[in-house]
Amino acid sequence: MRAGARLLLDAVLAGRTVELSRNGPNFTRPGDPFGHPLADPFVSRVPIVFSPAETGFIRMRVGEAGTRVTVNDQLVTDCEFTREELAAGVPLDVAGRLVLLLHLASRQTDAPTDTLGMLGDSQGIRRVREHIQRIADLQVPVLVRGETGTGKELVARAVHQHGPRQGGPFISVNLGAIPKELAAAELFGAQRGAFTGATRDREGFFRAAQGGTLFLDEVGEAPPEVQVMLLRVLETGELYPVGGSTPIKTDVRLIAATDANLEEHIRDGRFKAPLLHRLSGYEIHLPPLRERREDLGELFRHFAQEELEAIGEAHRLTPRDPYAESWLPASIALRLLRFAWPGNIRQLRNLARQLVIGSRGQSVLRLDPRLAGELETAVVASPPVVAKPPAAVARRKSTEVTGEELLTALRQHQWDLKLTADRLGIPRSSIYDAIDKHPHIRRAGTLTAEEITSCHHACAGDLDAMVRRLEVSKRALNRRIKELGLSTRGS
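Residues numbered from 1 in each chain as written. Predicted model: local features only at pLDDT ≥ 70, side-chain atom pairs only at ≥ 80, totals over all residues. Heavy atoms only, no water.

The next thing to look at is the sheet that holds strand S7 (residues 74–76). The strands that make up a sheet are held in pairs by hydrogen bonds between backbone atoms, and each pair lies either parallel or antiparallel. Strand order across the open sheet formed by 4 strands is S7-S6-S9-S10, with antiparallel pairing between neighbours. Where the open sheet ends on each side, the last strands, each with one partner, are S7 and strand S10 (98–102). Pairs of neighbouring strands in the sheet enclose a mean axial angle of 35°, with direction left out of account. Sitting on the sheet, helix H11 (residues 330–338) touches strand S9 (90–94) and S10, and the angle it makes with S10 is about 25°. (Pairing = 2+ DSSP bridges. Helix = DSSP H or I, 4+ residues; strand = E, 2+ residues; numbered from the N terminus. Axes fitted to C-alpha atoms, helices over the stretch in contact; angles between N-to-C directions. Contact = heavy atoms within 4.5 Å.)

See below:
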């Protein structure tokens, strides 16, 4: 997997064209002076051309006999995308083998000197790192805001670890998980006998975090009495344990986090405005994963690698035979990019774990029906494909098509006879004559039952893999497989 490598189309912004093919240009990682071309044998040497658009923002054209490119499951040869569509990101399926995300990107090409434990190179996550570096050495309270699962505790730990309190404790508390009647005692401590069941003095999280950082997650769930006590601590630097009358000095940096709309809570009387003002000495907003889709591949690779190492299959990520199917099939990569990720990075981590474990021992990832259904429940709205009128294609005779031209087109279009005929500019009925005349191309009907059965076993019933190995029409091969009573996987 080469997740995270990118190709900047700066020349298009300058009014020029960029040609992308199997052999170039190079895709590089930020900060890396060297890169590599796509180099996939199923990607044509005939380039995909990116140029300034006449009515949109960027135009993409696929040359004659070029690589098959689909957008939103539609085959495209000439289309335009607006700036708004590129801001959201447009996934391109290239030859059914590679997935590229066409999107607006930061002009920064340097790699961050310190990722602060946060993967990604999107503009959104770069801003978060800048905020952390700006605030880490100060003592002001920090409020981290973002949807559930975006990594708010990761930000809090980065602030702690890059500040002067890094040698002190880091205490993380989820206020939403503490019973409301115990929240005050858990946070500020309690004296013996302060309430029923208080049989001994309780230290509390504030004193446990003395000299370090206290992270309060889901601060919007704090009960009213706790809000009052938090405000007192922030204003005076002192706390009173439950049942106590003597103030205790605190030396704690407070970082709070929430996925709630605290301003709405204030209007409803559920949260105190002065407390919000104190907590938000400095605010850091975390972008949701759907707004940083260019980071998704790198994040998925990281989580998948962790799981593969745990089960002893880290070799799955090592490049293998260039003709073999990628460990992460393009069909699954497209689903990941199109999904809205309501649970954000936490949901991505969990899904990566389930995919890896569910595909244990398999050469490629498999998506079971339950996970497939989950990835269909919330999908990012995809932009319509704005196609330009196709140029008229002059019809040719099958005798005008060379054997090498025919074989190349069939491989590029994964043995889809209709698409191959359209690309070559010959009637579909004529392509059968061209195949019959080619000494090294067969029809599915000429395969023996033993040959099909053996290939079915070797490919574990994967229809797409069988098509690539046998090099015959997918539709016709599927018909022969059914006649033999065998089952298949794949579309």
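Quick look at the packing of aromatic side chains now. On inspection of all chains with the given rule, the structure shows 3 aromatic pairs. With a centroid separation of 5.3 Å and an interplanar angle of 10°, the aromatic rings of Phe 188 and Phe 206 are classed as stacked. Separated by 18 residues along the polypeptide, Phe 188 in helix H5 (residues 183–188) and Phe 206 in helix H6 (residues 205–208) bring together distant segments of the chain. Note on accessibility: Phe 188 and Phe 206 belong to one class, buried. An angle of 90° between the planes, with centres 4.8 Å apart, marks the rings of Phe 339 and Trp 341 as edge-to-face. (Phe/Tyr/Trp six-rings, centres within 6.5 Å; stacked < 30°, edge-to-face > 60°. Buried < 20%, exposed > 50% of the residue type's maximum accessible area, 1.4 Å probe, protein only.)

We now examine the confidence of the model for the protein. The predicted coordinates should not be examined in detail at positions where pLDDT is low. In the predicted model, the protein carries a mean pLDDT of 87, and the fraction of residues at 70 or more is 92%. Mean pLDDT values for the elements of the protein range from 58 in strand S18 (residues 386–387) up to 98 in strand S11 (residues 142–145). When the criterion is pLDDT under 50, residues 389–394 qualifies, and its contacts beyond four places in sequence or with other chains add up to 2 contacts. (pLDDT = per-residue confidence, 0-100.)

Now for the sheet that holds strand S13 (residues 213–217). The strand order across the open sheet built from 5 strands is S12-S13-S16-S11-S17, with neighbouring strands paired in parallel fashion. For this open sheet the edge positions go to strand S12 (170–174) and strand S17 (282–285), each flanked by a neighbour on one side alone. Going from strand to strand, the sheet's axes swing by 20° on average, the running direction of each strand aside. Relative to S13, S12 runs parallel, the two sharing 5 bridges. By the bridge assignment for S13, Ser 172 is matched with Phe 215.

Summed over all chains, the structure comprises 21 salt bridges. The closest approach of N and O atoms between Arg 157 and Glu 153, which form a salt bridge, is 3.1 Å. Placement of the pair is Arg 157 and Glu 153 together in helix H4 (residues 152–161), with a separation of 4 residues, close to one helical turn. In this structure, the salt-bridge partner of Arg 442 is Glu 451, at a minimum N-O distance of 2.9 Å. Here Arg 442 falls in the partly exposed class, since its relative accessible area comes to 35%. Relative accessible area serves as the criterion here: at 27%, Glu 451 is assigned to the partly exposed category. Each of the salt bridges in this network shares a partner with another, and the network as a whole consists of Arg 6, Asp 121 and Arg 126. (Salt bridge = Lys/Arg side-chain N within 4 Å of Asp/Glu carboxyl O.)

What follows is about the packing of helix H18 (residues 463–470) against helix H19 (residues 474–483). The interhelical angle for the contact between H18 and H19, taken along N-to-C directions, is 110°, at an axis separation of 10 Å. Classed by the angle they form, the pair H18 and H19 counts as roughly perpendicular. Where H18 crosses over H19, the handedness of that crossing is right-handed. In this structure, H18 contributes Leu 463, Asp 464, Met 466, Val 467 and Leu 470 to the contact, and H19 contributes Lys 474, Leu 477, Asn 478 and Ile 481. The residue makeup of the contact of H18 with H19, split by class, is 6 nonpolar, 1 polar and 2 charged. (Parallel < 35°, antiparallel > 145°, perpendicular 65-115°, else oblique. Left-handed = near helix turned anticlockwise from the far one by under 90°. Nonpolar A, V, L, I, M, F, W, Y, C, P; charged D, E, K, R; others polar.)

Right, let's get into the side chain of Asp 40. Within the secondary structure, Asp 40 is located in the loop between strand S3 (35–36) and strand S4 (48–52). A polar side-chain atom of Asp 40 sits 2.8 Å from the main-chain amide nitrogen of Phe 42. Beyond its immediate sequence surroundings of up to four residues, Asp 40 is in contact with Arg 22, Arg 97 and Leu 98. (Polar contact = N/O pair within 3.5 Å; in protein donor to acceptor, adjacent residues only side chain to side chain.)

The next point concerns the packing of helix H14 (residues 403–412) against helix H15 (residues 417–424). Contact geometry for H14 and H15: axes closest at 9 Å, N-to-C directions at 130°. Relative to H15, the element H14 lies oblique. Crossing of H14 against H15: the hand is right-handed. Along the contact surface, H14 presents Glu 405, Leu 406, Ala 409 and Leu 410, while H15 presents Leu 417, Thr 420 and Leu 424.

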